[in-house]
Amino acid sequence: MPELGRAALVVALGLIAYSALAGAYAAVRGRRRLLDSARNALFAAFAATTAASVVLLVALGTRDFSFVTVAKSTSRELPIGYALSAFWATQEGSLLLWLLVLTAMATAALALNRRLTSDVLPWTVPILAGVEAFFAIVLVFVSSPFATQPPPADGLGLNPSLQNPYMVAHPPFLYLGFVGLTVPFAFAMAALASRRTDERWIVATRKWTLGAWAFLGFAILLGAKWAYEEVGWGGWYAWDPVENAALMPWLVGTAYLHSVMVQEKKDMLRLWNVVLITLTFSLTLFGTFLTRSGILNSIHSFTQSSIGAWFLGFIAVVAAASATLILVRLPLLRARTKLESLVSREAAFLYNNLFLVALALTVLWGVLYPILSEAVRGVASTVGPPWFDFFAVVFGLPIVLLMGLGPLVAWRKASLRSLGRSVAWPFVAALATGAALLAAGAGSSPAGLVGYSFAAFVAAVIVLEFARGTRARHGLGDGGWISSFAGLVGRNRRRYGGYVIHAAVVLLLVGAVGVGGFSTTREAKLGPGDSVQVGDYTMRLLGSTQERGANASEIRAQLAVSRGGDDLGTIAAGKNRYFAEQQTSNEVGIRTDWLRAEDLFVIADQFNPDGSVFVKAIVNPLVNLIWLAGLIFVVGSLVAMWPDAREQRRLERRFAEQKAFARA
Amino acid sequence: MSSGEIAAVVLAAVLAAVCVVFVARPFLREPFPAGDSLDDLSPADRERLRLAEERDRALAALKELEFDHRTGKVSDADYREQVGPLRQQAAEAIRALDAGMSHG
């Protein structure tokens, strides 16, 4: 039923256009009914987009090859899970997913903040509608998922690199992150347009921002896990433009999450926060442009297409409109208080902001450099991983150090003596770690050594913060130790959830340095019965097997693995030859040692007629801490986002007070 | 036109009709319960909101200072230096709010 899909999208576009125009008129004229009607139109647009999405899902599930999108991204033999995931494997489908998530989030944000968006921030409705309108226009006029053709006998299949469970999950989480950041942006712009720059827009969007940022961070790690398993070079992050596309808004979003606390506590950085959230949102659009335009060569070459100009135009409109609004409302964004001391929590947040934004802009420069060099000199020069690695160390290490120092510094002003006392134990932990690593012969990577010392510093700070806080609550008579701990976290979820997230970053750092600085690689051509040593593992080629999978022929080298004389079983690595897609993929073999958190990572290539196989084996120490960090990151984000009834009551009381007074 | 196409057109028409009714709903309710004009704040309202924010900010800062002092993050001397101005800030905001209430 492509007609229904097409019609549903046209209905959605009509509703969104009405919402944008009627909402803007209602906000200017102060018309409540019209604003409610415009808001209802956005709710209805979600229903219409859902209808269109169901049509596409049914077509993918039933392999209706009369849909061009279905024919070019699925085949009859493709397993159903991957067939449905083709929804976001194609450009048209991914744009539809974007609109679906955006309309769903706009509906939820408007429904949950009904009073706020009608009385205080009426501009939220037309601004959200404006963003939705762009995607609806592209879907209706430029890149429709409902284009039809005479159905071929079979489809072209799905790019083999996308036939991976992590790549099934990665795009939806990425979109939840990208699209979720539209909500704080829309509220910030609405606050400016409505001249209501008090705390309410920040409070209303706090959880949206944190949630979207958490989804984005989780999606980046899912993508890294996919790259690790599927791209098969033994690493997990390659500074690929498309990977960077997600990293840049995450970095600026991280800066925003910290600086917005300074605005809440000290009423400072109003202008900076609005600029940061605008930059974050613009970078999500730029990230989509990078992913979808095909302007840069990427390991994600499956995403190349021709809607880049549309995205560039929209980014330009967003940047120009936001900058104009910020300039017009500049007097409302002036800070009322000043930085009291350079040694204070707010100063630490400011430093961390500068490093985070500097890192994001450096990554942006690295991404843009090939385009700019081609435009200026006619030759596309690229900057490689060493360039990015250098700046990641230069800006990343101070960020890690500040992660440790920030929680120890008091708000407003801290004397150097009390800071020195707080820092003493973490400093000892950092020194001890550095010395122990040097003694263990791990001094080959100076940046790694400093990174591990800083990681120990931050870990000690986190432990101390929990311990001192629990002791203080216990001292206040907050029951036993467990209830004191629970009370501590429950009464300040954002702070202690944040510490859990910091712990995840420490784990990620330890894992990343382990892989980047201390991995061992060995390459060898093995005949049946031949052995090769990598690290303290020995691998012996048992032979090769070939099987028919659901939609591919699977050839594998079977290798017996042992360590120190202990048999550790077999590992299989090889290639899949996909029938419909007529493509081959590398299928790496991974043996995880959970106690050491390390992987034995095996790539098997060149299966020769004499039975020999070319094998590349890598021992990746501590790599599994990266994935564990992802889980801890999710736990910390949930703690930080968990609703705080006391704070909610406090805010409601304040605004009820205000309303009661206004009525009196 | 095939039966599938006819079904699609009918479903699309139903979807469009339901959406239009839903969008028009605020205009179909007479009288409109909340009145037709959006709330706007007078300069005095804005000032009161600012004072309420300042009061809450100062009270939260006091609470945090107490806790940081208890955990040893803030020394006795720093605590004594900071607690006075914060109390004064909160008291001034409360006084200004009360004055606004009584004159408002």
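Here the structure is shown first, and the text comes after it.
Residues numbered from 1 in each chain as written. Chains lettered and ligands numbered in written order. Predicted model: local features only at pLDDT ≥ 70, side-chain atom pairs only at ≥ 80, totals over all residues. Heavy atoms only, no water.

A. Focus on the interface of chain B and chain A. Listed as interface residues are 53 residues of chain B and, on the opposing side, 69 residues of chain A. Here chain B and chain A share 5 salt bridges between them. With its nearest N and O atoms 3.8 Å apart, the salt bridge here joins R57 of chain B to D267 of chain A. Put simply, the parts of the chain that give the side of chain B that touches chain A at least two residues each are α1 (3–28), α2 (43–70) and α3 (76–103) of chain B. The dominant element in the side of chain B that touches chain A, judged by the number of residues it contributes, is α2 of chain B, at 17 residues. (Contact = heavy atoms within 4.5 Å. Salt bridge = Lys/Arg side-chain N within 4 Å of Asp/Glu carboxyl O. Helix = DSSP H or I, 4+ residues; strand = E, 2+ residues; numbered from the N terminus.)

B. Geometry of the sheet that holds strand β1 (residues 520–526) of chain A. Residues and elements named next belong to chain A. One open sheet holds the 4 strands; their spatial order is β1-β9-β8-β7, and the pairing between them is antiparallel. Each having just a single partner strand, β1 and β7 (589–593) make up the two edges of the open sheet. Strand-to-strand twist of the sheet, defined as the mean angle between neighbouring strand axes without regard to direction, takes the value 15°. Sheet topology places strand β8 (residues 598–607) next to strand β9 (residues 613–620); 8 bridges connect them, and they run antiparallel. Bridge assignment links F601 to a residue of β9, and that residue is I618. (Pairing = 2+ DSSP bridges. Axes fitted to C-alpha atoms, helices over the stretch in contact; angles between N-to-C directions.)

C. Up close: the nonpolar core. Residue and element names in this part refer to chain A. Counting residues in hydrophobic clusters, the biggest one holds 176 residues, and the most contacted among them are F135, W201, W236 and F286. For this core, the element with the highest residue contribution is helix α10 (residues 200–231), accounting for 16 residues. When near neighbours in sequence (up to four residues on either side) are disregarded, F135 contacts L95, W98, L99, L102, L285 and F311. Judged by nonpolar contacts, the second largest core, of 19 residues, contains L526, A604, V615 and V619. (Core = buried A, V, L, I, M, F, W, Y, C linked by side-chain atoms within 4.5 Å. Buried < 20%, exposed > 50% of the residue type's maximum accessible area, 1.4 Å probe, protein only.)

D. Examining empty space enclosed by the protein more closely. Residues and elements named next belong to chain A. Per the stated rule, a full pass over the model turns up 6 cavities of 30 Å³ or more. As a volume, the second largest cavity reaches approximately 50 Å³. Around the second largest cavity, the lining residues are A188, A191, L192, T197, W201, Q263, R270, V274 and L333. Residue contributions to the lining of the second largest cavity peak at 3 residues, all from helix α9 (residues 182–193). Across the lining of the second largest cavity, the residue classes break down as 6 nonpolar, 2 polar and 1 charged. (1 Å grid on protein atoms, 1.4 Å probe; cavity = no way out; pocket = protein on both sides within 12 Å on 5 of 7 lines; lining within 4 Å. Points joined across faces, edges and corners; volume = space filled by probe spheres on them. Nonpolar A, V, L, I, M, F, W, Y, C, P; charged D, E, K, R; others polar.)

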